[in-house]
Amino acid sequence: MARVAVCPGSFDPITLGHLDIITRAAKVFDELYVVVLNNSSKQPLFSVEERIELIEQVTKSIPNVKVDSFQGLLVDYAESVNADAIIRGLRAVSDFEYEMQITSMNRVLSDKIETFFIMTNNQYSFLSSSIVKEVAKYDGNISELVPPEVEEALLKKFNNEKEK
């Protein structure tokens, strides 16, 4: 039986830190669903469709990665794809408390799905999509923070905003 995991996030945009977690999780699980959540409490820079497209571009060399989106409860989505696990990336100790609360709630909702935490590579421990967007907005160098496809998409997005 295949080991299936779900790696959720807003991925607005996907960073090298995200890609590090995805790549490492894909080595452990037979199928890895990278799922873009549509968080109504956030104002994303990229649409869900744009984020899916960027993730597909940067994970195309990882054959067992599938990209999707969802709204609602993560455990419901995980069950719908027969996932055994949820993958969560941790950058720092400060992430752990929030992640522990989410994991505990998911455990109440479904005791069939385990959560696995993967510590990000130290070189990405400071990295977040918010930081990347802020640096890109002011023409800072983000080439060591995101894949080239994402850098190009960010530059295009912010150049379009400046022209308005």
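The structure this text deals with has already been given above.
Conventions adopted
- Residues numbered from 1 in each chain as written.
- Predicted model: local features only at pLDDT ≥ 70, side-chain atom pairs only at ≥ 80, totals over all residues.
- Heavy atoms only, no water.
- Helix = DSSP H or I, 4+ residues; strand = E, 2+ residues; numbered from the N terminus.
- Polar contact = N/O pair within 3.5 Å; in protein donor to acceptor, adjacent residues only side chain to side chain.
- Contact = heavy atoms within 4.5 Å.
- Buried < 20%, exposed > 50% of the residue type's maximum accessible area, 1.4 Å probe, protein only.
- Arc of directions from axis to C-beta.
- Phe/Tyr/Trp six-rings, centres within 6.5 Å; stacked < 30°, edge-to-face > 60°.

Engineer: I keep staring at the side chain of S128 and nothing clicks. Help me out?
Structural biologist: Looking at the secondary structure, you find S128 in the loop between β5 (114–119) and α5 (129–137). Of the polar contacts made by the side chain of S128, one reaches the backbone nitrogen of I131; its length is 3.1 Å. Apart from the residues within four sequence positions on either side, S128 is in contact with T15 and R91.

Engineer: What should I look at first to understand α5 in this one?
Structural biologist: Residues spaced three or four apart along an α-helix face the same direction, because each turn holds 3.6 residues. Of the residues making up α5, those classed as buried are S129, V132, K133 and A136. Each buried residue of α5 lies within a common arc of 95 degrees when the element is viewed along its axis, so the set occupies one face. At the exit of α5 stands D139, carrying a positive phi of roughly 60 degrees.

Engineer: Could you clarify how one ought to interpret the packing of aromatic side chains in this entry?
Structural biologist: Here the distance between the centres and the angle between the planes together describe a pair of aromatic rings. Evaluated as defined, the whole model comprises four aromatic pairs. Both rings, one in F29 and one in F116, keep their centres 5.9 Å apart while their planes meet at 65 degrees; by these two values the pair is edge-to-face. Of the two residues, F29 is situated in the loop between α1 (16–28) and β2 (31–37) and F116 in strand β5; the sequence distance between them amounts to 87 residues. For F29, a relative accessible area of 10% translates into the label buried. For F116, a relative accessible area of 39% corresponds to the partly exposed category. Three or more aromatic residues joined by ring pairs make a cluster, and in this case those are Y33, F70 and Y77.

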